[in-house]
Amino acid sequence: MRFSLVALIVISATALVGTGATIGVVDYFAGDLPSIDAIQTANLIQTTRILDRNGNLIEALYHENRTVVPLSKISVKLQRATIDTEDRTFYANSGVDYRRLLIAIVYDLTHRTGTLGGSTITEQVVKNDVLDTTEAQSRTISRKFRELLLAEEMERRYTKQQILELYLNSINYGNGAYGAEAAAETYFHVHASELSWAQASFLAGLPQAPSDYDPFGTPDQLDAAKVRWREVLDGMVAVGDLSGSAADTIYAGDLLTRMLTLHKSLAIAHNPLTAHFVDYIVAYIKQRYGDVALYEGGLTITTTLDLSTQAMADKWVKSGVRTYAKRGVNTGAMLVMNPSDGEILAMVGSADYNNAAIRGQINLTGTDPLGWRGVGSSFKVYTYGAALQAGLVTPASLLNDSTSVIGGHSFSDWDGKHEGFITLRTALAQSRNLPALWTYSSEGGDRVVSFMHNLGVTAPIQTPDGVATTLGPDAISMTEHLAAYSAFDNGGYRVAAHAVLRVTDSSAKVLEALDANAGRVSVVSPELGYMMTDLLRGPVKLYLGGLGARPVAGKSGTTEAYTGSIFIGYTPDLAVAASLMHIDAGASCNSGYAYLATTFPPSGWQCPTSVLFGENVGVSVWKPFLEEYYSSHAWPAFWAQPAGVVSRQVCSYDGGYVSSGGYNEIFLRGVGEPRYPCGANPYPGEQPYVPPAPPAPAPSPSPH
């Protein structure tokens, strides 16, 4: 009955064309028809694309995968194939093909089905892009009547080219692809402008029933897609756009084989290589612009990430996990950034994003507190940096590596040995614990924590008065930790991690762009930054072989009971932090080394490995990454020594100044220079200073 009534309405409407009644009806139903621009911008949701810094696609985000392109950028072959398949009288009809509609009604009535479509391209545009979703899905006489009248009115207001452009940008091609550009990319990885006759004819058949004609689905769906493709080709032959032999050649070709092979070779939608970084970007864009803009706004998000550097970082994290698997290591992380402005070049949040057993989706680079970890002795830079800044010590100061009891608590070093009194430079290079503990004790925790926070580390310190804080037990963000180290590298400026270079909307309007100088604040002097860098070259020279001859600075960190090990450092143009550890998904520690946790209860999150030092991470992960990176990038020049850093000759007895017979050390001019002569400041128990005997005078020359 519904179809009969539709037929009656169509006949009545046709008879009334030109009358005042028709004008009134049209005005009633079509008066709120939006402009073509409004349809494109308001109703067509578009895909957001996340790109690396070089324009390479990282991931597409969408509710409907769509990129709107002008008709001039859609292959004429697809235009012809679509018209041949969906609406052969498109350029001749007035928006409604009454003859075709009548044939469809008769067919549906006689076959007691509603499967033979009679809608033109214009009617489909009305249904998909003008009517709201509820009305479009309804099967009522009023909806169909409104669709017919709106189609006629659309034809009067818009050109055929505009209507076809809207149709080809809005129609569903299956597999999440809406519009010709997304369909071309989804099925063939080409632009819509590049489609061949074979590709165009295949795509033209999908909109009729995209879920039924899914070439990536079940064998039955693939077979149905092949049958539909043949129907489209036959239709194109019937109207003369293809010859019969050309259609046969196309159908017998390897289009589907190549398409399926390419589809199987592609990474899954949320590529584990970049998944942690994408999560970070998604959280940022959601917070700043909201869900609708993210998934429907057609944003282009150009990020700081470099995909080649990302792949390199991921490779060496996985290599480190394999190397130390027998010691219980099962995951790790790496962060690479530009120390000048905090641009993130690589972010590896775990060894395997999809491995729930290692809590793989937690980002161990610490972009949120969930992934914060202890950093071990790499914390000592804050202790020494604060003391050097205050003029309490110099690189030549002799520090206590002899007395184990501090404030009633007994401490030991990693090797159980004592080296007496050693210079700050030696203590930092060898990562001796007692000298750092005594320095922290003498200067006070508030000074150290304030220095750390001023560099940009926001983590709260649980017991700042406790000297053990200098050994790095507190959980902090690797990202903030690396950014803080970067201040020593870049001349003393605090930087924050940045992941986005630019965001543009679907019309290419720039919504935001990174200003590298915005918020640039000097937090330590260039002189102190240079001195810390010079001191941090010591661990590199000691443990990382050939890198010691390069402009490389770094520090290791090992947490108690080997629950995590880190190596962190930089060159003049690259800052890198890498870590290895064991993490279990459950509450219990299953590394096989839980018994090493003697002062805390082991857990899945705090789970000891076998002996694993930060230096091991440096040798097996950090160093080979840096070497590979600089195999394709030029090594930068060494840091320039600021005028405020001076060289003085001091003695090894107590670090006091001498005129000769000592060794050269660098100092901060004024506040950091040695203030006493050699021998004036012996450490407790040291033998009295005996100046070296003056050199014997040279014998007088013979009179002959």
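Computed from a predicted model, the values in this text were never measured in an experiment.

About the thresholds
Residues numbered from 1 in each chain as written. Predicted model: local features only at pLDDT ≥ 70, side-chain atom pairs only at ≥ 80, totals over all residues. Heavy atoms only, no water. Helix = DSSP H or I, 4+ residues; strand = E, 2+ residues; numbered from the N terminus. Buried < 20%, exposed > 50% of the residue type's maximum accessible area, 1.4 Å probe, protein only. Areas by Shrake-Rupley, 256 points an atom, 1.4 Å probe, with all protein chains shown as cover. Pairing = 2+ DSSP bridges. Axes fitted to C-alpha atoms, helices over the stretch in contact; angles between N-to-C directions. Contact = heavy atoms within 4.5 Å. Core = buried A, V, L, I, M, F, W, Y, C linked by side-chain atoms within 4.5 Å. Bend = angle between axes of the 7 residues up to and from the residue. Phe/Tyr/Trp six-rings, centres within 6.5 Å; stacked < 30°, edge-to-face > 60°. Lys NZ or Arg CZ within 6 Å of the ring centre and 35° of its normal. Disulfide = S-S within 2.5 Å. pLDDT = per-residue confidence, 0-100. Parallel < 35°, antiparallel > 145°, perpendicular 65-115°, else oblique. Left-handed = near helix turned anticlockwise from the far one by under 90°.

Visitor: Can you explain the overall build of the chain? Please cite residues and give values.
Guide: The secondary structure content of the chain amounts to 24 helices and 20 strands. Looking at the chain residue by residue over its 704 residues, the buried ones come to 52%. Per element, the accessible surface of the chain, about 30500 Å² overall, is 55% carbon and sulfur.

Visitor: For the sheet that holds strand β4 (residues 331-337), give the residues involved together with the corresponding values.
Guide: One open sheet accounts for five strands, arranged β5-β4-β18-β17-β16; its pairing is antiparallel. Single-partner strands in this sheet number two, and they are β5 (344-348) and β16 (553-558). Averaged over all pairs of adjacent strands, the angle between their axes in this sheet comes to 10°, without regard to strand direction. Running at roughly 35° to β5, helix α17 (residues 307-323) makes contact with β4, β5 and β18 (574-581) of the sheet. Contacts between helix α23 (residues 526-543) and the sheet are confined to β16 and β17 (565-571), with β16 contributing the most and set at about 60° to the helix.

Visitor: Give me the lowdown on the nonpolar core, citing residues and values where you can.
Guide: Judged by nonpolar contacts, the single largest core of 84 residues is most densely connected at Tyr 382 and Leu 455. Apart from residues lying up to four places away in sequence, Leu 455 is in contact with Tyr 382, Ala 484, Ala 487, Phe 488, Arg 494, Val 523 and Val 524. By size, the runner-up hydrophobic cluster in this structure holds 57 residues, among which are Ala 81, Ala 184, Met 236 and Leu 256.

Visitor: Tell me what's going on with helix α24 (residues 614-629), and back it up with residues and numbers.
Guide: For α24, the principal kink sits at Trp 622 and spans about 35°; a proline, Pro 624, occurs within the next four residues. Along α24, 13 of the 16 residues are buried, which leaves the element largely enclosed by surrounding structure.

Visitor: Summarise the sheet that holds strand β13 (residues 500-504); cite the residues concerned and give the values.
Guide: Taken in spatial order, the five strands line up as β2-β1-β3-β13-β14 in an open sheet, and their pairing is mixed. Sheet topology places β2 (57-61) and β14 (510-513) at the edges, where each strand pairs with a single neighbour. Taken pair by pair, the neighbouring strands of this sheet meet at an average axis angle of 15°, ignoring direction. Note that strand β1 (residues 48-51) and β2 share four bridges and pair antiparallel. Note that in β2 the partner of Thr 48 across the bridge is Leu 61.

Visitor: Before we move on, could you go through the packing of aromatic side chains and cite the residues and values that matter?
Guide: The description of an aromatic ring pair rests on the distance of the ring centres and on the angle between the ring planes. In total, this model carries 20 aromatic pairs according to the counting rule given. When the ring of Phe 451 is compared with that of Phe 488, the centres are 6.5 Å apart and the planes differ by 20°; the resulting orientation is stacked. One end of the pair, Phe 451, is in helix α21 (residues 445-454); the other, Phe 488, is in helix α22 (residues 478-489), with 37 residues separating them in the sequence. For the pair Phe 451 and Phe 488, one class covers both residues: buried. Ring geometry for Tyr 630 versus Trp 635: centroids 4.0 Å apart, planes at 20°, classification stacked. What links up through ring pairs into an aromatic cluster is the set Tyr 187, Phe 188, Phe 202, Phe 216, Trp 229 and Tyr 251. Over the face of the ring belonging to Tyr 493 we find Arg 520, whose NZ or CZ atom lies 3.8 Å from the ring centre.

Visitor: Please provide a residue-by-residue account of the state of the cysteines, values included.
Guide: Following the criterion strictly, the structure yields two disulfides and no others. Disulfide pairing is shown between Cys 589 and Cys 607; the S-S distance is 1.9 Å. Between Cys 589 and Cys 607 the disulfide shows an S-S torsion of about 65°. By sign, it is right-handed. Of this pair, Cys 589 sits in the loop between β18 and α24 while Cys 607 sits in the loop between β18 and α24, placing them 18 residues apart in sequence. A relative accessible area of 14% places Cys 589 in the buried class. The partner cysteine of Cys 651 in its disulfide is Cys 678, sulfur to sulfur 1.9 Å. On the sign convention where negative is left-handed, the bridge of Cys 651 and Cys 678, at about 100° about the S-S bond, is right-handed. Here Cys 651 is found in the loop between β19 (645-650) and β20 (663-668), whereas its partner Cys 678 is found in the segment after β20, with 27 residues between them in sequence. According to the relative accessible area criterion, Cys 651 is buried, its value standing at 8%. Given a relative accessible area of 12%, Cys 678 falls into the buried group. Among the cysteines of the chain that take part in disulfides, numbered as they appear in the sequence, the pairing is 1-2, 3-4.

Visitor: Any chance you could break down the confidence of the model for the chain for me, citing the residues and the numbers?
Guide: Here the chain shows a mean pLDDT of 89. Residues at 70 or above account for 87%. Here residues 15-19 is modelled with pLDDT under 50, and outside its nearest four sequence neighbours on either side it reaches two contacts, counting other chains as well.

Visitor: Residues and numbers for the packing of α17 against α24, please.
Guide: Contact geometry for α17 and α24: axes closest at 9 Å, N-to-C directions at 150°. Comparing the axis directions of α17 and α24 gives the class roughly antiparallel. The chirality of how α17 crosses α24 is right-handed. Along the contact surface, α17 presents Thr 309, Met 312, Ala 313, Lys 315, Trp 316, Val 317, Gly 320 and Thr 323, while α24 presents Ser 620, Val 621, Pro 624, Phe 625, Glu 628 and Tyr 629.

Visitor: Talk me through the environment of Leu 626; I want residue IDs and the actual numbers.
Guide: Tracing the sequence through the fold places Leu 626 in helix α24. For Leu 626, a relative accessible area of 1% translates into the label buried. A sequence separation of 56 residues divides Leu 626 from Tyr 570, and the C-alpha atoms of the two residues are 9.4 Å apart. Beyond its immediate stretch of four places on either side in the chain, Leu 626 contacts Leu 547, Val 552, Thr 571, Leu 574, Val 576 and Trp 635.

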